[in-house]
Structure formats: structure tokens, C-alpha cells
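Each chain is listed here by its residues.
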Amino acid sequence: MRIKEPTLIVITGPTASGKSVLAIEAAKRLGTEIISADSRQIYKGIPIVTALPTPEEREAVPHHLIDMLTLDAYYSASRFEEDAFAIAERLIAERGTAVVCGGSMMYVDALCNGIDELPTVPDNIRQGLETELTEKGADWLRNELRTLDPEYFSKVDPNNIKRIFHAVEIIRTAGKTYTQLRTGRKRELPFRIKKYMITMPREILFDRINRRVDKMIESGLEDEARSVYHLRHLNSLNTVGLKEMFAYFDGVMGRSEAIERIKKNTRVYAKKQLTWWARDKEIIPLGLSDVQAVSESGFRLEC
């Protein structure tokens, strides 16, 4: 692969699309390292549900921002932007390029476009909203965001109450919708960014997702979920694969139903990822035939 100028290569795509394999191939051929843009791989103790790179993959190519925080640690897109940008600058200065790999939309967006400067929420607004949430419940909070900012509500994970809460408190503070505030802070970059997304027909992607979940179960997902069940209130564990297992442990659903629900919810998440990236005109799509051709030709992408 030929790099004409300092470049940050971003390889993204829906879950189970094979972006990790492609990123490793790219980094090996370029003699550089990988920066993970996965909001759950950064935590320790849940390698199966997060599809953490294997020890062999990490030995072949160093990975950054994975397996480094305890489950109760706070992390955000803003902190990711700072951490990932610093690593990217260093790698590109040393090697001419760096590879970003991940499917967390807000993380990729934060690194490529800059994070939004949001107002500081006064204590009275935050405490008042916390009281309302306690009294009225999560469904009320979801409806509040739907009323105040239907565009952002259509994008956010409805089960991520922490994120919904944050959006509502910001809206109440600023007097503007969260969508209006999330414009992205453009910054001067010492390198250019080339973004690639792996795409494939939905039926193929969904089959890959289903088979991946089956492999996770075979690899011990249930035991992994039981090992962190006592911490199920933490935001780091609010993720597909664990939520359904926790519901099984709680007696809300049977084991088989939980596994099928993991597959369904993963497919739903993949569709959200595709919808998000469809709006990005800078992304270069890579079909399965393109990915194969790229690998077989010595990983020559348009750079």
C-alpha cells in the first residue's frame, strides 16, 4: 500500500463485518499500529462479548485503547477523542500512518470531526431531572427526549438511559436541541483522514451476526456474563449480549430466548450503524469482493 502523505486510515463497518481482520492486515503491511474505536473493548473483563482482539492478533499488531479500564471507570467520546488523537499524531509522525478500527459511531465521528463543545449543566437542572426520573421512570425520560429532540431520539440507543439523560439535561441547559448543539468542532489536522466501510448484502451480514453469536456462546459468553452479573448496574455493561444474559439470569426469559434476542438486537444495532454511516459522504465503501481484492493485491487502497 502506498501512502502519499501523512494519513489516518479509518476502517469501520457494521458489527461482524470483518473490519478487525482487514485492519490488522492493513497495519501489518503498513508497519503501523491500530487504534480501537470501540466503546466497550476499552474495558477489562468482558473479552467475549466485545470480540476483543485475541492475544495472537495483539502480538501481530499492537492495539491501543483496549482492555485498559475497570468496569466502573468513566469514559466518553470526548476523552476518546483526546486519547486517540494523541496516539494518532505520534504514530503518524513516526510511521506516516495509523489505522483506526471500530464500529462505535460517536467515537469515529468524534475523532474525525471533533467533539462538540456542550454547556456545563447546573446542579439544579441535573438534580431536578434526577428527581423526575426517579418519580416518573425511564419511559417518561425517553418520551421527554422524543418531544424535545425527535431527530436525536431516532439515533440514540433507547436502552442507554445515561445517554438519554445527558441529552435532556443539555437541552434544558442550552434551550436548544441536542442535534443543534452536536455540530462537530472542526480542527486543523496535521494529517488527512481516509475512511473505509465494509459493506455487504443484509442477508449475508445477518447470517454472519447469527453465526458470531453462536460462536460467542460456545466460547463461554454465559460464564462471562455471570462473572459480571453483580455489576449489572454499571453503564459499561449496558451492551447487547450482556443485557439479554442478565435478563435470563433474572428469570425474565429462557436461555434459548436470550440467545435469539442477542442475535436480533445485534442485527438491529447493525442497521443503526449502516444508517449512521450512509450520511457520511466521505466514506469509501468496500464490498466483500473489494476486501478480498485489497488483501490479495498487497493492500493497495486509494491513499
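Relevant structure appears above.
In this convention, every chain numbers its residues from 1, walking through the sequence in written order. Residue-level local features of this predicted model are given only where pLDDT is at least 70; pairs of side-chain atoms are given and counted only at 80 or more, and the full residue set underlies all totals for whole chains, interfaces and linings. Calculated side-chain values reflect all of the structure's heavy atoms, with hydrogen atoms and water omitted.

(A) Geometry of the pattern of salt bridges. Salt bridge criterion: a side-chain nitrogen from Lys or Arg within 4 Å of a carboxyl oxygen from Asp or Glu. This structure, assessed with the given rule, holds 19 salt bridges. Across the pair Glu-132 and Lys-136 runs a salt bridge, and its minimum N-O distance is 3.3 Å. Of the two residues, Glu-132 and Lys-136 are both situated in helix α5 (residues 123-136); the distance of four residues between them amounts to about one turn of the helix. Only protein chains enter the area calculation, which uses a 1.4 Å probe; residues under 20% of their type maximum are buried, those over 50% are exposed, and those in between are partly exposed. The class for Lys-136 is partly exposed, based on a relative accessible area of 46%. Its salt-bridge partner being Lys-263, residue Glu-260 comes within 3.5 Å of it at the nearest N-O pair. On the criterion of helical spacing, the pair formed by Glu-260 and Lys-263 is a turn pair, its members being three residues apart in helix α13 (residues 255-278). Since its relative accessible area comes to 46%, Glu-260 is described here as partly exposed. By relative accessible area, which is 8% here, Lys-263 ends up buried. Through salt bridges that share partners, Glu-132, Lys-136, Glu-144 and Arg-172 make up one connected network. Under the scheme used here, helices are H or I runs from DSSP no shorter than 4 residues and strands are E runs no shorter than 2 residues, and both carry numbers assigned from the N terminus.

(B) View of the nonpolar core. To qualify as a nonpolar core, a set must consist of buried Ala, Val, Leu, Ile, Met, Phe, Trp, Tyr and Cys residues joined through side-chain atoms within 4.5 Å. Leu-8, Ile-35, Ile-46, Tyr-75, Phe-80 and Leu-242 are the most contacted members of the largest nonpolar core, which has 43 residues in total. The set of elements that each furnish at least two residues to this core consists of β1 (7-12), α3 (77-95), β4 (97-101), α4 (105-113), α10 (202-219), α11 (221-228), α12 (242-249) and α13. Here the element with the most residues in this core is α3; it accounts for eight residues. Only heavy atoms matter for contacts: two residues are in contact if any of them lie within 4.5 Å across the pair. Among all residues touching Leu-242, those that are not within four sequence positions of it are Ile-46, Val-49, Ala-225, Val-228 and Leu-237.

(C) Looking closely at the pairing of strand β5 (residues 192-198). Most of β5 is tucked away: five of the seven residues are buried. Strand direction decides the pairing type here: β1 and β5, joined by six bridges, are parallel. Within the sheet, the bridge partner assigned to Ile-9 lies in β5 and is Lys-194. Note that β5 and strand β6 (residues 283-286) share four bridges and pair parallel. By the bridge assignment for β6, Met-197 is matched with Pro-285. Strands pair, by our definition, only if DSSP identifies at least two bridges between them.

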